Amino acid sequence: MNFSILKGILIPVVTTFMGIVGTHLFYKSKLEKERKAGAKKILGEKIMNSFLKTRNFERQLRKFESVFFEGEKTVVDPNRVYPSIFYSLDNLNNFMNSLEDIIASEEAFLDMKSVAFLLAMQDYLTIFYTSSSAECSYPSIWYINF
């Protein structure tokens, strides 16, 4: 009889203890999974925002303007159309500063191909800017004939 009373008390206590331990372990693993999922979501949002920021920046190159300066001598043919960033050296300088900012802030979240494209663009524009400011006119290396 003494054993049956002990058995009646011991089984619920052991079961309760095992339930508490099991719940704690499962809850801890659930929190770990939620933490990892949250980190992946934040990283995914940063990557997406970097691609959107880079794409919106790249769209500035798709704006074209006819470059014609009345009364000024330039090497630019008025029958050609240039991207608007080449309209003036100030526009080009602002674009290059923005390009440096994009590379510095978004490089970690972009793929290697996109970063390589941005760095090549930066190198090319540096050469273009240097030759443009040295000649005080626009070299005719970027144009589209219509």
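**A short note on the overall build of the chain**
Then step 1. Looking only at helices and strands, the chain has three helices and three strands in total.
Then step 2. Beginning at the N terminus, the succession of helices and strands in the chain can be written as α-β-β-α-α-β.
Then step 3. Sorting the 146 residues of the chain into buried and exposed places 21% on the buried side.
Then step 4. When the accessible surface of the chain is split by element, carbon and sulfur atoms take 63% of a total near 10,900 Å².

**Some details on the nonpolar core**
In summary, soluble globular proteins display a tendency toward joint burial of nonpolar side chains.
Then step 1. Core analysis: the biggest nonpolar cluster contains 16 residues, and L92, F95, L99, L118, M121 and L125 have the highest contact counts within it.
Then step 2. Within the residue set of this core, elements represented by two or more residues are α2 (89-106) and α3 (112-135).
Then step 3. Top element by residues in this core is α2. It accounts for six residues.
Then step 4. Here L92 is in contact with I85, F86, L125, F128 and Y129, once residues within four sequence places are set aside.

**Side note on the confidence of the model for the chain**
Then step 1. The predicted model of the chain averages 76 in pLDDT, with 74% of residues at 70 or higher.
Then step 2. Within the model, the stretch residues 138-146 combines pLDDT values under 50 with 30 contacts to residues more than four positions away or in other chains.

**Here we look at the environment of F95**
Then step 1. Structurally, F95 is set in helix α2.
Then step 2. Expressed as a C-alpha distance, the spacing of F95 and F57, which sit 38 residues apart in the sequence, is 9.0 Å.
Then step 3. Excluding residues that lie within four positions of it along the chain, F95 makes contacts with F57, Q60, L61, I85, M121 and L125.

**Some remarks on a nonpolar patch on the surface**
Then step 1. A contiguous nonpolar surface patch, about 590 Å² in accessible area, is contributed by L10, V14, F17, M18, V21 and L25.
Then step 2. Within the secondary structure layout, V14 lies in helix α1 (residues 2-58).

**Overview of the pattern of salt bridges**
Then step 1. Enumeration according to the criterion identifies two salt bridges in this entry.
Then step 2. One salt bridge connects R35 with E32, and the closest N-O pair in it is separated by 2.5 Å. Taken together, the positions of R35 and E32, both in helix α1 and three residues apart, correspond to about one turn of that helix.
Then step 3. Overall, the relative accessible area of 52% leaves R35 in the exposed class.

**Re the environment of N91**
Then step 1. Considering the arrangement of structural elements, one finds N91 in helix α2.
Then step 2. Residues contacting N91, with those up to four places away along its chain left out, are S84 and I85.

**With respect to the side chain of T54**
Then step 1. With respect to the helices, strands and loops of the structure, T54 is situated in helix α1.
Then step 2. Residue contacts for T54: discarding those within four places in its chain leaves I102, L110 and L118.

**So, the side chain of E106**
Then step 1. In this structure, E106 sits in helix α2.
Then step 2. For E106, a relative accessible area of 10% puts it in the buried group.
Then step 3. A polar contact of 3.3 Å, which involves the side chain of E106, links it to the side chain of K53.
Then step 4. If we ignore the near neighbours within four places in the chain, the residues touching E106 are S50 and K53.

Calculation notes
Once a new chain begins, its residue numbering starts again from 1 and follows that chain's sequence as written. Given that this is a predicted model, residues contribute local features only at a pLDDT of at least 70 and side-chain atom pairs are listed and counted only at 80 or more, while totals for whole chains, interfaces and linings are drawn from all residues. Side-chain numbers come from the whole structure's heavy atoms, not from hydrogens or water. Labels follow the DSSP assignment, with helices taken as runs of H or I lasting at least four residues and strands as runs of E lasting at least two, numbered in each case from the N terminus. Burial classification: accessible surface area is computed with a 1.4 Å probe over protein chains only, and a residue below 20% of its type maximum counts as buried, one above 50% as exposed, and the rest as partly exposed. To be clear on the numbers: accessible area is Shrake-Rupley with a 1.4 Å probe, and residue cover counts the displayed protein chains and nothing else. Here, nonpolar core refers to any group of buried Ala, Val, Leu, Ile, Met, Phe, Trp, Tyr and Cys residues whose side-chain atoms link them within 4.5 Å. Whether two residues are in contact is decided by their heavy atoms, any of which lying within 4.5 Å being enough. pLDDT is a per-residue confidence score from the predictor, ranging from 0 to 100. Patch criteria: residues need more than 30% relative accessible area and no salt bridge. Like-charged residues are merged within 9 Å; nonpolar side chains of Val, Leu, Ile, Met, Phe, Trp and Tyr are merged within 5 Å. Criterion for a salt bridge: a side-chain nitrogen of Lys or Arg within 4 Å of a carboxyl oxygen of Asp or Glu. Under the rule applied, a polar contact is a pair of N or O atoms within 3.5 Å (in protein, one hydrogen donor and one hydrogen acceptor; residues adjacent in sequence only if both atoms are side-chain atoms).

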